[in-house]
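# Structure assessment
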Amino acid sequence: MFMAVTENPALKQLAVKKAPQSNSFCCEVCGQNGSPNIGMISAERAANICQCSRLKIYRWIDEGDLHYVELPDGAVLVCGKTLARKIEELSMNTDKLNSH
Ligand SMILES: [Zn+2]
């Protein structure tokens, strides 16, 4: 059911950036929900893609909107699939953001 999401260039970035280098983490929550091999990206990169601050990424994690994993060294990775969903929401709310 995730077919109509390729218009947003940020989403294409997500698809391409799957499994970077050696640390190819996959989202366990999505795996349990029948979508294995969903790539995870660092919170920093997620903020970059969304063009927002990392704090916002952490808030989404707090609110339970993003699947995430915290690494032993303190780095936080977020799930590409749930992030893509948030980007969709953002692009729908662009008018509000721009009127700031
Ligand atoms: Zn996930």
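Quick note: structure is the one above.
Summary of the structure given here.

## Things to note about the sheet that holds strand E2 (residues 68–70)
Taken in spatial order, the 3 strands of this open sheet run E1-E3-E2, and their pairing is antiparallel. Each end of this open sheet is capped by a strand with a single partner; those strands are strand E1 (40–42) and E2. Averaged over all pairs of adjacent strands, the angle between strand axes in this sheet comes to 30 degrees, irrespective of strand direction. The pairing of E2 with strand E3 (residues 76–79) spans 3 bridges and is antiparallel. Bridged to Glu70 within E3 is Val76. Sheet strands in contact with helix H3 (residues 43–50) are E1 and E3, and its direction is about 90 degrees off that of E1.

## Here's the deal with the pairing of E3
As judged from the 3 bridges shared by E1 and E3, these two strands associate in the antiparallel manner. Looking at the pairing, Ser42 lines up with Leu77 of E3. In this antiparallel pair of consecutive strands, E2 and E3, the connection spans 5 residues, and Gly74 shows a positive phi of 95 degrees.

## Regarding the nonpolar core
Membership of the largest hydrophobic core comes to 16 residues, with the highest contact counts inside it found for Met40, Ala46, Leu66, Val78, Cys79 and Leu83. Secondary-structure elements contributing two or more residues to this core are E1, H3, helix H4 (54–62), E3 and helix H5 (80–92). When sequence neighbours within four positions are dropped, the list of residues in contact with Ala46 reads Ile41, Ile57, Val78 and Leu83.

## A short note on H5
For H5, with 13 residues, the first-to-last C-alpha span of 18 Å sits near the 18 Å given by 1.5 Å per residue. Among the residues of H5, those classed as buried are Gly80, Lys81, Thr82, Leu83 and Ile87.

Reading the values: rules and limits
Residues numbered from 1 in each chain as written. Predicted model: local features only at pLDDT ≥ 70, side-chain atom pairs only at ≥ 80, totals over all residues. Pairing = 2+ DSSP bridges. Helix = DSSP H or I, 4+ residues; strand = E, 2+ residues; numbered from the N terminus. Axes fitted to C-alpha atoms, helices over the stretch in contact; angles between N-to-C directions. Contact = placed C-beta atoms within 7 Å. Core = buried A, V, L, I, M, F, W, Y, C linked by C-beta atoms within 7 Å. Buried ≥ 20, exposed ≤ 12 C-beta atoms within 10 Å, placed from the backbone. Expected span 1.5 Å × (residues − 1).

So, to be careful, I would describe these as geometric facts and stop short of saying anything about function.
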